[in-house]
Amino acid sequence: MLSESRRTLLVINGFGLLISSALTGWFYFFFLLGEIDLWPVINHLPADIGGDRRGWNMAHLEGITNGLLLIAFAAAAPFIKLGPKAQSWFFWSSLTFAWMFTLPAIANAFFGTRGLAFGGGPFGGSLANDIIYLTGWPPILAVHIAFFLGLRGAWRHYQFIKDAP
């Protein structure tokens, strides 16, 4: 099981990602309106926010998904039995994929890129796209490590309780 401090850090990072999603949601909202309209405080202030609808939707949902996933990992931790080294790998891999899937999605929204292929693939290329693409490799590895360790730890827990009186 993860230590109490690591579980708490997963929850704190989960809320951090939810906050990033809320902030991204405001940009998405203003992108869709084409202006900042917060009646009665601000009315019809032009806002030229780049990107496309798909990118802003993705950026907003990445923060929600990954934030809730980190909180779920913290809640499920008592059912995940791992040794100290595997716990460390699980913890750091989880933080890596959660933030490094979310932040590049936000960058994609701002730059109007996809970051899915070096050179842009069918979406057209740019330096921003290529940098975002390269930042995608660590979280791709990390998500597989975290999911594998989570499953292995849950299976170990099941094996332990199955045989207990």
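Use the structure listed above.
To keep things clear, this report deals only with the structure shown in the data block. Since we're looking at a predicted model, the values are computed, not measured.

**A look at the overall build of the protein chain**
Next up, step 1: Within the protein chain one finds five helices and two strands.
Next up, step 2: Reading the secondary structure of the protein chain in the N-to-C direction produces α-β-β-α-α-α-α.
Next up, step 3: Here the C-alpha atoms of the protein chain give a radius of gyration of 19 Å, more than 25% beyond the 15 Å that 2.2 N^0.38 yields for 165 residues.
Next up, step 4: Along the first, second and third principal axes, the C-alpha atoms of the protein chain reach 65 × 45 × 20 Å.
Next up, step 5: Counting across all 165 residues of the protein chain, residues that qualify as buried make up 36%.
Next up, step 6: Intrachain contacts of the protein chain at a sequence separation of at least 6 include 69% that bridge at least 24 residues.
Next up, step 7: A total of about 9600 Å² of accessible surface is found on the protein chain, and carbon and sulfur atoms cover 73% of it.
Next up, step 8: Within the protein chain, the 8 negative side-chain charges are centred at a point lying 20 Å from the centre of the 10 positive side-chain charges.

**What to know about the environment of leucine 116**
Next up, step 1: Within the secondary structure, leucine 116 sits in the loop between α3 (84–111) and α4 (127–135).
Next up, step 2: Here leucine 116 falls in the exposed class, since its relative accessible area comes to 57%.
Next up, step 3: In this structure the C-alpha to C-alpha distance between leucine 116 and isoleucine 132, which are 16 residues apart in sequence, comes to 8.3 Å.
Next up, step 4: With sequence-adjacent residues up to four places away left out, leucine 116 is seen in contact with Phe123, Asn129 and Tyr133.

Parameters and conventions
Residues numbered from 1 in each chain as written. Predicted model: local features only at pLDDT ≥ 70, side-chain atom pairs only at ≥ 80, totals over all residues. Heavy atoms only, no water. Helix = DSSP H or I, 4+ residues; strand = E, 2+ residues; numbered from the N terminus. Rg over C-alpha atoms; globule rule 2.2 N^0.38 Å. Buried < 20%, exposed > 50% of the residue type's maximum accessible area, 1.4 Å probe, protein only. Contact = heavy atoms within 4.5 Å. Areas by Shrake-Rupley, 256 points an atom, 1.4 Å probe, with all protein chains shown as cover. Lys, Arg positive; Asp, Glu negative; His and termini not counted. Charge placed at Lys NZ, Arg CZ, Asp CG, Glu CD.

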